[in-house]
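What follows is each chain in one-letter form.
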2 protein chains.
Amino acid sequence: MKIAIYGYGNLGRGVEAAAQQNADVELTGVFTRRDPAGVKTRTGVPVYPAAEVAAHKDEIDVLIICGGSATDLPEMTPALAKQFNVIDSFDHHAVIPEHFAAVNAAAEEGGNLALISCGWDPGLFSLNRLIANSVLPEGRDYTFWGRGVSQGHSDAIRRIEGVLDARQYTVPVEEAVKAVRNGENPELTTRQKHLRECYVVAEEGADLERITREIVTMPDYFADYDTTVEFITAEELQEKHAGLPHGGVVIRSGKTGIDREHNETIEFSLKLDSNPEFTSSVLVAYARAVCRMAGRGRTGCITVFDVAPADLSPKTPEEIRRTML
Amino acid sequence: MKIAIYGYGNLGRGVEAAAQQNADVELTGVFTRRDPAGVKTRTGVPVYPAAEVAAHKDEIDVLIICGGSATDLPEMTPALAKQFNVIDSFDHHAVIPEHFAAVNAAAEEGGNLALISCGWDPGLFSLNRLIANSVLPEGRDYTFWGRGVSQGHSDAIRRIEGVLDARQYTVPVEEAVKAVRNGENPELTTRQKHLRECYVVAEEGADLERITREIVTMPDYFADYDTTVEFITAEELQEKHAGLPHGGVVIRSGKTGIDREHNETIEFSLKLDSNPEFTSSVLVAYARAVCRMAGRGRTGCITVFDVAPADLSPKTPEEIRRTML
């Protein structure tokens, strides 16, 4: 299977690493909107200008689009789905139906297959929500994120006057997770589910009280949460907070039995040292499925919900039944 | 969707309860090898002799076969797959390929669709092993079972002279689970993974030391484990150990990154008050998929690996994308 990367940031570099771990995957190129001369890949794979991607059609079975969800993907994925089988990690949950419709029309026009909103949330977490809801129709869903770095929240802090750099961790409230695991089915407010921990590098002489106040009262991002702010040096930030760990847990707690007398709990969790590398690994596995399903004539837009798990594996159906069932 | 139950034990009763929880599912009958006059269903659904199942073909979209894996299913599933779309919970892992081949031939002969080895292990656990292996090609798998009642081990104890009744719990070793969750990738022996707790009701005057010795030295069942034996009264067994709880956890711990420098952990776990009711709930969700896939012309034998998750849900594709992605 020949894949190519469109957009070479954290996610694109993750796909490059993941491709190396899959013997049936050949990475044929990286496409960038920057000047290719200034982009050096880590494995020596060639870099081309994004504008020339159409010329490489024969070298690409599936194009993995590694752009941002805010502005890149709503444009890129429909445009590229006209020419290629594609996969993206569009994660703006509220507007997935609109994105789906646009990509579906483009993919059908080109006779291609596109898989959107792949990764872990949306992605593997969604899959577990769907399966758990199907198995336990009467129950309750919970999703907790973290402990992990939220890049959006870190960026929001960096925009405050006097802030040089920042790192924000989203942290699930332990008592809440415990109550859910115990089948107590609690009603939880935003504040009861997650904490926010901020590590901030301030300019010399900056008003730390004002910065703290601006962080903890920031609407949407922090006002509804218990937020802690700690000022640290640039060196300490680099030393202790350079990584992009993340993770989380999806739990469904439901009832079975004639009198709904039994409680059943289904839990799926991730503990990730590298959020972008894990997301990329999911993208590569689903790119394999896109390649196979397109080969069987499937066109249009799909999601993780539409992929039979056997299509994710490089192994034969006989082998997976023998070794993993 | 019209379903029927073939075999009315713990699993069959679980399917009866699960059918009630799914508005799109109609349970049209229970088929039993016992005298139907002596079988009373809990929801009033009619009971028929197993031998007459063919006469009810028009009332059955999918037949859920609730027999035992040791001797029932190897005969029943191929025989019934010639006439019906079927689903079973065959759980004898080592001979799944043989069972698959026999059921596949029968289902193809009848133009039907059969899904075998459904439930949680094999079933949802298998699904998670497959997905986690596909996403993290370099890593290690662990499966722990329990804390839960093993009916096979309980039966083995009951066969010992002087034993009136017994209940055996399989218990994962906490330190082992912790080490795996920490990404330590330990090598674990059988003994290091699970403990076995036995609660035994003995005949009056029985030689308790001999019974204990016979249990803890029993090959395959107990000899390779740290096993505890506690003698209790029949009343205490009934009061504290009447249920059939179970559960377990599947963990894959793998590496990502150009230098495999990051650890990623995927975990799926179940905590079940009722093992048979949960297994039945999985069967009913997959019966829905069998019904849909058969309706699209699919024939032969399949497993959970071949089912696109969207087919498990009673909701429309639009609805699941909007609410669960």
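Since the structure is predicted, the reported quantities are computational estimates derived from the model, not experimental observations.

### Notes on the sheet that holds strand β3 (residues 47-49) of chain A
The pairing of strands in a sheet comes from backbone hydrogen bonds and takes either a parallel or an antiparallel form.
Residues and elements named next belong to chain A.
Reasoning step 1: With parallel pairing, 7 strands are arranged side by side in an open sheet as β3-β2-β1-β4-β5-β6-β14. At either margin of the open sheet sits one strand with a lone partner, and together these are β3 and β14 (300-302).
Reasoning step 2: Sheet topology places strand β5 (residues 86-87) next to strand β6 (residues 113-115); 2 bridges connect them, and they run parallel. Opposite Ile87, over in β6, you have Leu115 as the bridge partner.
Reasoning step 3: Against the sheet, helix α1 (residues 10-20) contacts β1 (2-6), β2 (26-32) and β4 (62-65), and its axis sits at roughly 160 degrees relative to β1.

### Some words on empty space enclosed by the protein
Reasoning step 1: In total, this model carries 1 cavity of 30 Å³ or more according to the counting rule given.
Reasoning step 2: Computed from the structure, the largest cavity encloses a volume of approximately 100 Å³.
Reasoning step 3: In this structure, the largest cavity is lined by Leu127, Asn128, Ile131, Ala132, Ile266 and Phe268 of chain A together with Leu124, Leu127, Asn128, Ile131 and Phe268 of chain B.
Reasoning step 4: If you list the elements that add at least two residues to the lining of the largest cavity, you get α4 (124-135) and β13 (262-272) of chain A together with α4 (124-135) of chain B.
Reasoning step 5: When the residues that make up the lining of the largest cavity are grouped by side-chain class, the tally is 9 nonpolar, 2 polar and no charged.

### Thoughts on the confidence of the model for chain A
Reasoning step 1: With 100% of its residues at a pLDDT of 70 or more, chain A shows a mean pLDDT of 97.
Reasoning step 2: Confidence metrics for the complex model read pTM 0.96 and ipTM 0.96.

### Considerations on the packing of aromatic side chains
Residue and element names in this part refer to chain A.
Reasoning step 1: Summed over the entire model, instances satisfying the criterion amount to 8 aromatic pairs over all chains.
Reasoning step 2: An aromatic cluster of three or more residues is present, and its members are Trp120, Phe125 and Phe268.
Reasoning step 3: When the ring centre of Tyr169 is taken as origin, the NZ or CZ atom of Arg147, which lies over that ring, is 4.3 Å away.
Reasoning step 4: Arg196 extends its terminal NZ or CZ atom over the ring of Tyr225, reaching a point 4.1 Å from the ring centre.

### Notes on the relation of the copies chain A and chain B
Reasoning step 1: With an RMSD of 0.0 Å, the fit of chain A onto chain B corresponds to turning through 180 degrees and sliding 0.0 Å along the axis. Here the two chains are linked by the operation of a two-fold rotation axis.

### Some details on the interface of chain A and chain B
Reasoning step 1: Listed as interface residues are 68 residues of chain A and, on the opposing side, 68 residues of chain B.
Reasoning step 2: In total, about 6,000 Å² of surface goes out of reach between chain A and chain B, with carbon and sulfur atoms giving 62% of it.
Reasoning step 3: The interface formed by chain A and chain B includes 0 salt bridges.
Reasoning step 4: The interface formed by chain A and chain B contains 30 residue pairs in polar contact (both at pLDDT 80 or more).
Reasoning step 5: Mapped by element, the contributors of at least two residues to the side of chain A that touches chain B are α1, α3 (96-110), α4, β12 (246-256), β13, α10 (275-295) and α11 (317-324) of chain A.
Reasoning step 6: Tallying contributions element by element places β13 of chain A first for the side of chain A that touches chain B, with 11 residues.
Reasoning step 7: Residue classes in the side of chain A that touches chain B are distributed as 30 nonpolar, 21 polar and 17 charged.
Reasoning step 8: Sheet analysis places β13 of chain A next to strand β13 (residues 262-272) of chain B, joined by 9 bridges and oriented antiparallel.

### Some words on the pattern of salt bridges
Reasoning step 1: Summed over all chains, the structure comprises 30 salt bridges over all chains.
Reasoning step 2: Note that Arg129 of chain A is salt-bridged to Asp121 of chain A, the shortest N-O span being 2.7 Å.
Reasoning step 3: Overall, Asp121 of chain A belongs to the buried group, its relative accessible area being 16%.
Reasoning step 4: Asp226 of chain B serves as the salt-bridge partner of Arg191 of chain B, at 2.8 Å between the closest nitrogen and oxygen. You can see Arg191 of chain B sitting in helix α7 (residues 190-193) and its partner Asp226 of chain B sitting in strand β11 (residues 226-231), a full 35 residues away along the chain.
Reasoning step 5: Owing to a relative accessible area of 37%, Arg191 of chain B belongs among the partly exposed residues under this scheme.
Reasoning step 6: On the accessibility criterion, Asp226 of chain B (39% relative accessible area) is partly exposed.

### Focus on the environment of Ile65 of chain B
Residues and elements named next belong to chain B.
Reasoning step 1: Note on placement: Ile65 falls in strand β4 (residues 62-65).
Reasoning step 2: Linking Ile65 and Leu80, residues 15 residues apart in sequence, is a C-alpha distance of 8.7 Å.
Reasoning step 3: Among residues more than four places away in sequence, those in contact with Ile65 are Tyr6, Leu73, Met76, Thr77, Leu80, Val86, Ile87, Asp88 and Ser89.

### Some remarks on the sheet that holds strand β10 (residues 194-202) of chain A
Residues and elements named next belong to chain A.
Reasoning step 1: The strand order across the open sheet built from 4 strands is β8-β9-β10-β11, with neighbouring strands paired in mixed fashion. If you trace the sheet from one side to the other, it starts and ends with β8 (148-149) and β11 (226-231), each paired once.
Reasoning step 2: Strand direction decides the pairing type here: strand β9 (residues 163-172) and β10, joined by 9 bridges, are antiparallel. Bridge pairing in β10 links Ala166 to Val200.
Reasoning step 3: Strands β8, β9 and β10 of the sheet are contacted by helix α5 (residues 151-158), whose axis makes an angle of about 145 degrees with β9.

### Points about the environment of Arg13 of chain A
All names here are of chain A.
Reasoning step 1: Along the polypeptide, Arg13 turns up in helix α1.
Reasoning step 2: For Arg13, a relative accessible area of 28% puts it in the partly exposed group.
Reasoning step 3: Spatially, the C-alpha atom of Arg13 lies 17 Å from that of Phe90, the residues being 77 residues apart in sequence.

### Description of the side chain of Asp311 of chain A
Residue and element names in this part refer to chain A.
Reasoning step 1: On the secondary structure map, Asp311 appears in the loop between β14 and α11.
Reasoning step 2: The class for Asp311 is buried, based on a relative accessible area of 9%.
Reasoning step 3: Ignoring any residue separated from it by four or fewer positions in sequence, one finds Asp311 in contact with Ala285, Arg288, Ala289, Arg292, Met293 and Arg296.

### Considering the packing of α1 of chain A against α10 of chain A
All names here are of chain A.
Reasoning step 1: For the pair α1 and α10, the least separation of the axes is 8 Å and the interaxial angle reads 60 degrees. The orientation of α1 with respect to α10, classified from their angle, is oblique. Here the hand of the crossing between α1 and α10 comes out right-handed. In contact with Asn10, Leu11, Gly14, Val15 and Ala18 of α1, α10 contributes Pro276, Glu277, Thr279, Ser280, Ser281, Leu283 and Val284.

Criteria and cut-off values
- Residues numbered from 1 in each chain as written.
- Chains lettered and ligands numbered in written order.
- Predicted model: local features only at pLDDT ≥ 70, side-chain atom pairs only at ≥ 80, totals over all residues.
- Heavy atoms only, no water.
- Pairing = 2+ DSSP bridges.
- Helix = DSSP H or I, 4+ residues; strand = E, 2+ residues; numbered from the N terminus.
- Contact = heavy atoms within 4.5 Å.
- Axes fitted to C-alpha atoms, helices over the stretch in contact; angles between N-to-C directions.
- 1 Å grid on protein atoms, 1.4 Å probe; cavity = no way out; pocket = protein on both sides within 12 Å on 5 of 7 lines; lining within 4 Å.
- Points joined across faces, edges and corners; volume = space filled by probe spheres on them.
- Nonpolar A, V, L, I, M, F, W, Y, C, P; charged D, E, K, R; others polar.
- pLDDT = per-residue confidence, 0-100.
- Phe/Tyr/Trp six-rings, centres within 6.5 Å; stacked < 30°, edge-to-face > 60°.
- Lys NZ or Arg CZ within 6 Å of the ring centre and 35° of its normal.
- Least-squares fit on C-alpha atoms with pLDDT ≥ 70 in both.
- Buried area = accessible area lost by both parts, 1.4 Å probe.
- Salt bridge = Lys/Arg side-chain N within 4 Å of Asp/Glu carboxyl O.
- Polar contact = N/O pair within 3.5 Å; in protein donor to acceptor, adjacent residues only side chain to side chain.
- Buried < 20%, exposed > 50% of the residue type's maximum accessible area, 1.4 Å probe, protein only.
- Parallel < 35°, antiparallel > 145°, perpendicular 65-115°, else oblique.
- Left-handed = near helix turned anticlockwise from the far one by under 90°.

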